[in-house]
Amino acid sequence: MPVRQMKEGSEQHIVIKPQLQTTINPLQKNPKTAQNGKGPPNTEPQNNKIHNTTSSPPSRNRGRRRGRGGRKSDQGEAFMRPSSRPCTAASKPVIVAAENVLNVSVSSSSCQLVAAGSGFPSSSKSLCFAPRPGYGQLGTKCIVKANHFLAELPDKDLNQYDVTVTPEVSSRSVNRAILAELVKLYKESDLGMRLPAYDGRKSLYTAGELPFKWKEFTIKLIDEDDVINGPKREKEYKVVIKFVARANLHHLSQFLAGKRADGPQEALQILDIVLRELSIKRYCPVGRSFFSPDIRKPQPLGDGLEAWCGFYQSIRPTQMGLSLNIDMASAAFIEALPVIEFVAQLLGKDVSSRPLSDSDRVKIKKALRGVKVEVTHRGNVRRKYRVSGLTSQPTRELVFPVDDNSTMKSVVEYFQEMYGFTIKYTHLPCLQVGNQKKANYLPMEACKIVEGQRYTKRLSEKQITALLKVTCQRPRDRENSILQTVQHNDYNEDPYAKEFGIKISEKQASVEARVLPAPWLKYHKTGKEKDCLPQVGQWNMMNKKMINGMTVSRWACINFSRSVQESVARGFCNELAQMCQVSGMEFNPEPVIPIYMARPDQVEKALKHVYHACVNKLKGKELELLLAILPDNNGSLYGDIKRICETDLGLISQCCLTKHVFKISKQYLANVSLKINVKMGGRNTVLLDAISCRIPLVSDIPTIIFGADVTHPENGEDSSPSIAAVVASQDWPEVTKYAGLVCAQAHRQELIQDLYKTWHDPARGTVSGGMIRDLLISFRKATGQKPQRIIFYRDGVSEGQFYQVLLFELDAIRKACASLEPNYQPPVTFIVVQKRHHTRLFANNHKDRSSTDRSGNILPGTVVDTKICHPTEFDFYLCSHAGIQGTSRPAHYHVLWDENNFTADGIQSLTNNLCYTYARCTRSVSVVPPAYYAHLAAFRARFYMEPEMAENGGSPHKGSKAIREGGESGVRPLPALKENVKRVMFYC
C-alpha cells in the first residue's frame, strides 16, 4: 500500500581529520580451510561472554586497577558488564576471536599485505575477497534474461605502447585526431598493417607487435572546423611511439575459469578500449556511455536543454566468460541553438528589445560559462571559442584598443568595418571568450552553441522530471532497445574488434534465477490480522495494528501554507490522529495549542514561538511531536524546519505538503502514521522468523547489523564537504530499529573517517570514540547484550575502491571493538551494496503473467548468483522490490569479507527478508534497509549545513563557504543533534 518517499536522517559528531592511514590491522583468522581461508568460529557455551584465546582478568577488575580514565573506563565497563537480560534463544554458541594480526599497508593503487605470521603471501593481490561458498538453492527456479552478451577471447598477443605527443595536447579528441591521421598515413608502411586502438592519452594497443620498438612520426593536423570552404590552418606535432609491455591473456583465461583469484585489469582495460574505439568515432562519448541525436530524436527539457539517448557499454569478467554489458542511457545536452534563442529559452522571455536585469545577467553567465560556441558572422569561417564570461556593459558601450597607441574603437564599429556585420541587439551584453588577460568580445547574435555538449550542472526539478520520462522504459521496450543497439553496432563487423579477434554474441545471456519466498510479518495481537504474508512485494495495514505502537499525548501543528485555512488544517489533523489510532498508536486528538499560522520567511521565529508556548502550557513537560503543513513549492523551508527542530529545539517533526492536506488519502495518512510511529521510537512490524529466533546467523547470538553510506556534493561545488552516515540495529533478535550517526568529512572523501577515532584529553588521557564504538555501546544499552556478530552493509562504493574501503573500514571496526574490551573481536561480514550498475534482468517470457509483476518486471525476490556474476568472488544480484514504472534495477551485493561463514542461501535470504522491514511503507524496498537508512541520514545531514541545497538546487547558503577551517584538511563539524532526537529513527 503506502509508497516510500521523503528524505531524512541522523546524529552528530566531531570530525576526525587524519590522512589515509598507511598501516591497519585486520585480524588474521585461524588458517583452517574454509571461506576466505578461515576456519569456522570456535564456540564455547559459557554465559554468552566473548573470550579470547589468551586469558585475561575480568574487565571489572581491570577497570578498578586502572583507577583513572574516567569516562573512558565508564563506557567500557557499561558495555562489557554481564547482561541483565538473558539471551532469548537457548544454548547460544560463543564466538572466539583469533589473536593473530596482519599489518596492511595501503597505497593509492595496491594493497600490500605484510603477514605477521607464516602462510600469508606478501603480493599486492594477496588480500583475497571472500570466495563464493557455493550457489544458492532456496526459492522457485526460473530463467531470466540479462543484458550481457558473450564475448569470445582473442587468441592474439595484445601489446601496449606508450604515446608521447609534442607539443603536449590536453584534449582527448585532438589526440585522437592526431593518431587517426598517423594511422591513415602509416598503417600500410611503418605500422605493418596493424590497426591500433588508442585511449586518447598515453597508451596505444595492438594485436601483435609493431615492426619497431621505438619510432618518431611527424604529423600535420588540419583544423577542419575552422573553415567550411577555403584555406585551412595547419599545425605540426611530433608523435613518439614506444613499446611498453605485452598483456597476459593466459592469466585472463585462468581468471575467467575460476583458477586464479586476481583479475588482470590491464588485459580487461585493453579489450574495453578496443570495443569502444569505433563508437568514439561515431558518437559523443561521456564516461562509459555514448550519445547521439541520431539514436532517437532529442526531447526538449526546457531552458535550452534537450535529452539525448544513447547506450552504456562495458566489458566484464563473469562466470560465463567475458561479457559485454549493454544498457540504454540518456543525458542532458545543451541544444545547438543560436545564443540569442538559448538565452530567450533560459530566461523564458523575449530578449530582442528589453535590456537584461542583473539577475538575468547572472543566470546567463552561469549557464554559458565553459560552453563552446562557433561564430556565424564570417561566412565560411567557423571558429570555435569557449565562453569565459559575460560583459557587465551592453554591446553599444563596449570599446577596446586597436593599436599600441591606445586608439579606441567600439565593438559595434569593429564588426561593421571588419566583417560588414551589423549588430542589431546592442542593448545585450557580449560573450567574453579567451582568458581574463586577453578576453575577446563576441556579440550574442554572432554565435551559435556547438552541438554535442553535455550539460553537467544541476538540473531543475522540472528538467529532472522531463529527463526521467525519456529514460523510463517498460521492461519489454528497454530490452528491445538494447537488442537493437547491439544489432546496430554490429560488433562482428567492427574493424577494431576484427583486428583484435574479439567476437560478440548478439544474443542476450539466459540465466538461471530463483524467486525467494517473502517472509511472514508479525503485527500486534489485538489486530484482526496478527500475521501477514506479503504478495508480490506488497501488503497493507487493513485489519492490522503496529506491533509496537507509541503514544503521542502532547503535539502541536504549525501551518506555513497561506492557502490552507485553519478549519482545513484542523480537519486534516483530526483525520491523521484517527489513522494513527486505527493503526495501533495512542494519539491525543487535541493539540496542546491551537494550530498556529506562520510565514515561511519567519520559520525560526515561528518554530520557537510554538515550542515555548507549548512548554509554558505544559508546565515543563516536553512537546512530543510537531506537525508542519508546507506549501507544495517550499524552497529551503523543509530543510530549515528539520535543522532547527533537530539541532536546536530537540523536536520530532512531521512535514506534510498542501496537496495532501486538501486531497486527504487513506493511503497517504497510513504512510504518515508509519513514519510518526518509528520517529516516536515504535516498531511497525517485525519478521516472524526474527521473534521466533529462526534467522540463521542472526538469531543464535546477539547480532548487530550496520548500514553505511557517504554522499558527496553536487558537481561544481568544490567547497562543500562529503557527509558520512552510519546506522546500526538497536534491537535483537528483531533487528528492526536503527540508530544513526553522521559526520562531515573532506570533500569527496569516500573512506569514512569517523568510524573510530582517538583524541587526547588533559584529564582522562587518550580517549576513544567514533561512530562504530558509540553504536556498539548504544546496542548494549538498548538490548542488555553485547554484539557477538557484526554484519556491515556498505553502500556507494565503486569496484575500484573495494580494497581501500575494506582495509580502512574493517580496521576501524576492529579498533572500535578492541577499545571496548581487550580481545573483543566479534566476527565481521562486510558487504558492499551497489545500485549504480547497468545490469538489468528481464522475464524470459513477457507474456507469462505468472513470471512478472504488474509493471512487467521480474518478481520481487528474484536472485541471480550464476553466469553473469563474478568468476570466483561472493556476489549476487537481488531484485527485492516490485516495479512501479520503468525497468527495475536489481541491487548488486558483493561480500568482500566474511568471518561468519555465511552460505549463499543464508546471506541472500537474510538480505531479501530485511527488505520487508523498511519502516516507511508497506512494500519491500530495492536496497537493504540499513543501507537505505544510512543514505537518508546522510541526505538529512546536508540540511543542517546547507538548507537550500537539496530543495532549490541553488548555491550553498550563507556560511557554507566557511565549511573548511584550519587548512585544507579541516572540516567544520555538523551541529550536534539533541539527545532526545538521537534515540529514535528521526530520519524516516
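Our subject is the structure that appears above.
Residues numbered from 1 in each chain as written. Predicted model: local features only at pLDDT ≥ 70, side-chain atom pairs only at ≥ 80, totals over all residues. Heavy atoms only, no water.

A. Quick peek at the nonpolar core. If you look at the biggest cluster of nonpolar residues, it comprises 91 residues, and the most contacted ones within it are L625, I676, Y793, Y893, L910, Y933 and Y987. The element contributing the most residues to this core is helix α21 (residues 929-945), with ten residues. Counting contributing residues per domain, this core is built from domain 3 (549-682) and domain 4 (683-834 + 916-945 + 971-987), each supplying no fewer than three. Residues A151, L195, L210 and L252 belong to the second largest nonpolar core, which totals 57 residues. (Core = buried A, V, L, I, M, F, W, Y, C linked by side-chain atoms within 4.5 Å. Buried < 20%, exposed > 50% of the residue type's maximum accessible area, 1.4 Å probe, protein only. Helix = DSSP H or I, 4+ residues; strand = E, 2+ residues; numbered from the N terminus. Domains from an automatic or database assignment.)

B. Molecular detail of the side chain of D199. One can find D199 in the loop between β8 (197-198) and β9 (203-207). No salt bridge is formed by the buried D199, whose closest oppositely charged neighbour, R172, lies at an N-O distance of 6.1 Å. Separated by 3.3 Å, the side chain of D199 and the backbone nitrogen of K202 make a polar contact. A distance of 3.1 Å separates a polar side-chain atom of D199 from the backbone nitrogen of S203. Dropping the residues within four chain positions of it, D199 is found in contact with R172, R176 and I273. (Lys, Arg positive; Asp, Glu negative; His and termini not counted. Salt bridge = Lys/Arg side-chain N within 4 Å of Asp/Glu carboxyl O. Polar contact = N/O pair within 3.5 Å; in protein donor to acceptor, adjacent residues only side chain to side chain. Contact = heavy atoms within 4.5 Å.)

C. Up close: the sheet that holds strand β26 (residues 531-532). Taken together, the three strands give an open sheet; going across it, the order is β26-β25-β33, and neighbouring strands pair in antiparallel fashion. Strand pairing shows two members of the sheet lacking a second neighbour, β26 and β33 (686-687), which therefore form its edges. With two bridges joining them, strand β25 (residues 521-522) and β26 adopt antiparallel strand pairing. Bridge pairing links L521 to C532 in β26. (Pairing = 2+ DSSP bridges.)

D. Inspection of the packing of aromatic side chains at higher detail. Tallied over the entire structure, the rule returns 26 aromatic pairs. Seen from their ring centres, F400 and Y414 are 5.3 Å apart, and the 80 degrees between their planes marks the pair as edge-to-face. Placement of the pair is F400 in strand β19 (residues 399-401) and Y414 in helix α8 (residues 411-419), with a sequence separation of 14 residues. Classification of Y414 as partly exposed rests on a relative accessible area of 25%. Grouped by ring-pair contacts, the aromatic residues Y738, Y918, Y932, Y933, F986 and Y987 constitute a single cluster. Here the guanidinium or amino end of K213 rests over the ring plane of F243, the centre of that ring lying 4.4 Å away. (Phe/Tyr/Trp six-rings, centres within 6.5 Å; stacked < 30°, edge-to-face > 60°. Lys NZ or Arg CZ within 6 Å of the ring centre and 35° of its normal.)

E. Looking closely at unusual backbone geometry. The residue after T166, namely P167, is reached through a cis peptide bond having omega -5 degrees. Within the secondary structure, P167 sits in the loop between β7 (158-166) and α3 (172-186). Residue R748 is not a glycine yet carries a positive backbone phi of 60 degrees. The exposure class of R748 is partly exposed, given its relative accessible area of 40%. Positioned with a positive phi, K867 is a non-glycine residue whose angle comes to about 60 degrees. Structurally, K867 can be placed in the loop between β42 (862-864) and β43 (874-879).

F. Structural context of the pairing of strand β44 (residues 891-898). Counting buried positions along β44 yields eight of eight residues, so the element is predominantly enclosed. Sheet topology places strand β40 (residues 828-834) next to β44; six bridges connect them, and they run antiparallel. Paired with F830 across the bridge in β44 is W897. As judged from the five bridges shared by β43 and β44, these two strands associate in the antiparallel manner. Within β44, the position partnered with F874 by the bridge is V895.

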